[in-house]
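In case you want the letters, here they are:
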Amino acid sequence: MHFEQSAILTVHNHVITRNPRVSVTHDKHRTWFLHISDVREEDKGRYMCQINTVTAKTQFGYLHVVVPPTIDDSLSSSDVIVREGANVTLTCRANGSPKPTIKWKRDDNSRISITKGHSVLEWEGEVLEMLRISRLDMGAYLCIASNGVPPTVSKRVKVSVDFPPMLWIPHQLVGAPLYYNVTLECFTEAHPTSLNYWTRDDGHMIHESLKYHMENTVGALAYKTHMKLLIRHITSEDYGTYKCVAKNPRGESDGTIRLYTSSPPTTTPDPNAMTVPPPSRPPRRDTPASDKGTKYQSNLNEIDKGKQKTDEGGGKATFNWVEGASQVTGKADRRRTSYSIVLFYVSYFLFFKF
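Residue positions within a chain follow its written sequence, with the count starting from 1. Whole-chain, interface and lining totals are the exception, using all residues; otherwise, since this is a predicted model, local features are given only for residues with pLDDT of at least 70 and side-chain atom pairs are given and counted only at 80 or more. No hydrogens and no water enter the side-chain calculation; it runs on all heavy atoms of the structure.

Caption draft 1: Local environment of a nonpolar patch on the surface. Excluding any residue in a salt bridge, patches collect residues exceeding 30% relative accessible area, merging like charges within 9 Å and nonpolar Val, Leu, Ile, Met, Phe, Trp and Tyr side chains within 5 Å. Surface accessibility in these figures is a Shrake-Rupley result with a 1.4 Å probe; residues are shielded only by whichever protein chains are displayed. Criterion for a salt bridge: a side-chain nitrogen of Lys or Arg within 4 Å of a carboxyl oxygen of Asp or Glu. A surface patch of nonpolar side chains, about 330 Å² in accessible area, is lined by M1, I8, V11 and I16. Here I8 is to be found in the segment before β1 (10-11). In this text, helices come from DSSP runs of H or I with a minimum length of four residues, and strands from runs of E with a minimum of two, each type numbered from the N-terminal end.

Right, here's the structure in full:
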């Protein structure tokens, strides 16, 4: 008998139930066997074997039927689209025996943001609720059902977060010389994907041409785009204001870049090079020297030699190199400067006197 169903299955060698999956055998009438083929979940429960003696004797057995998990799509969430800042609730219902447990994970293994200050790597339960969702929460979420009976099953739910375009411009003022090429840049974030284009200050849209080349590169996150505008062979008409514009069903945004003229780059001197100016020389006349001039020049040389001898016993000179130029400091230097001034005035006086 199936005890819970109060259904007689077999009597002696005869099968009473109309279930074709049930049969009975025996071993010389000593051991009797009840066979159930193609076991189903409804076959679980208590079974009773009874011997109809004067005092009936019974024996019970229990059949556990395990069923691998299955996810009920009709009662589970499908892909959702929400506005940024809204709350999101995802549901996953699964059947199986024993009753499956449900876990949620992100497809890219990043953390799940439950609230602003609470995030987890995985969430257990049929219902996943996220408060004030942001663009960072956009992506695929996996509902994983398991009960110890293989195989484990999962369902992928894609969460899309819509928000109006936002722009970031790294350089709002760009300088370039005439006849050079220049590239203007804008970074955008938008979902759904925005329509991105460039205009001049008069509002006319810029199109691909020999003059202009436009390039949009999608970032690691699908809602990010890097906009570039290449302007070739700049002329005076190219200077002015440019706009990068991004539009999607949630809104529109634009940013301004001003292109101005600048001087072409020059050759930069080697910072390691050191320039030392030649030593200063006393002034001389370009006219031929007379005998008197030679005599007084000779006397001046002798005075200078005497001065040099005096300096040799003086203080030690110190040399300091500053930014490629030489400077001499010390007491000996001040003496030499004083002697040079005296010699200059003496030679000037003697020359005009004689």
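Next comes the rest of the description.
Caption draft 2: Structural detail: the side chain of R21. With respect to the element layout, R21 can be found in the loop between β2 (14-15) and β3 (22-27). Between N or O atoms, a polar contact is any pair within 3.5 Å; within protein, one atom must be a potential hydrogen donor and the other a potential acceptor, and residues adjacent in sequence are included only when both atoms are from side chains. In terms of polar contacts, R21 uses its side chain to reach the backbone carbonyl oxygen of D38, at 3.1 Å.

Caption draft 3: Structural view of the sheet that holds strand β20 (residues 195-200). Across the sheet, four strands lie side by side as β18-β24-β23-β20; this open sheet has mixed pairing. Every interior strand has two partners, whereas the edge strands, β18 (173-176) and β20, have only one. Across the sheet, the mean angle from the axis of one strand to that of its neighbour is 25°, orientation sign disregarded. Pairing of β20 with strand β23 (residues 240-248), which is carried by six bridges, proceeds in the antiparallel orientation. Within β23, the position partnered with R200 by the bridge is Y242. DSSP bridges decide pairing: two strands pair if at least two such bridges lie between them. Note on geometry: axes are C-alpha line fits, over the in-contact stretch for helices, and angles between N-to-C directions span 0 to 180 degrees.

Caption draft 4: Quick peek at the packing of aromatic side chains. A pair of aromatic rings is counted whenever rings of Phe, Tyr or Trp (Trp by its six-membered ring) have centres within 6.5 Å, and the orientation is called stacked for planes under 30 degrees apart, edge-to-face for over 60 and tilted otherwise. Taken as a whole and assessed by the stated rule, the structure comprises three aromatic pairs. Judged by centre distance (5.2 Å) and plane angle (85°), the rings of F3 and F60 are edge-to-face. You can see F3 sitting in the segment before β1 and its partner F60 sitting in strand β6 (residues 57-63), a full 57 residues away along the chain. On the basis of relative accessibility, which here comes to 42%, the residue F60 falls in the partly exposed class. For the pair W168 and F187, a centre-to-centre distance of 5.1 Å together with 35° between the ring planes defines the contact as tilted. Placement of the pair is W168 in strand β17 (residues 153-168) and F187 in strand β19 (residues 182-191), with a sequence separation of 19 residues. Whether a charge lies above a ring is judged from NZ of Lys or CZ of Arg, which has to be within 6 Å of the ring centre and within 35 degrees of the ring normal. Its end group placed over the ring of F60, R46 keeps NZ or CZ at 5.5 Å from the ring centre. Looking at R200, its charged tip hangs above the ring of Y242, at a distance of 4.3 Å from the centre. Note on classification: 1.4 Å probe, protein chains only; a residue is buried when its accessible area is under 20% of the maximum for its type, exposed when over 50%, partly exposed between these limits.

Caption draft 5: Quick look at the pattern of salt bridges. According to the stated counting rule, one finds 15 salt bridges in the structure shown. Residues R135 and E84 are paired through a salt bridge, measuring 2.9 Å at the closest nitrogen-oxygen approach. Residue R135 is located in the loop between β15 (127-130) and β16 (139-146), and its partner E84 is located in the loop between β8 (80-83) and β9 (88-91); the two are separated by 51 residues in the primary sequence. R135 gets classed as buried once you look at its relative accessible area, which sits at 12%. Taking relative accessible area as the criterion, E84 reaches 31% and is therefore assigned partly exposed.

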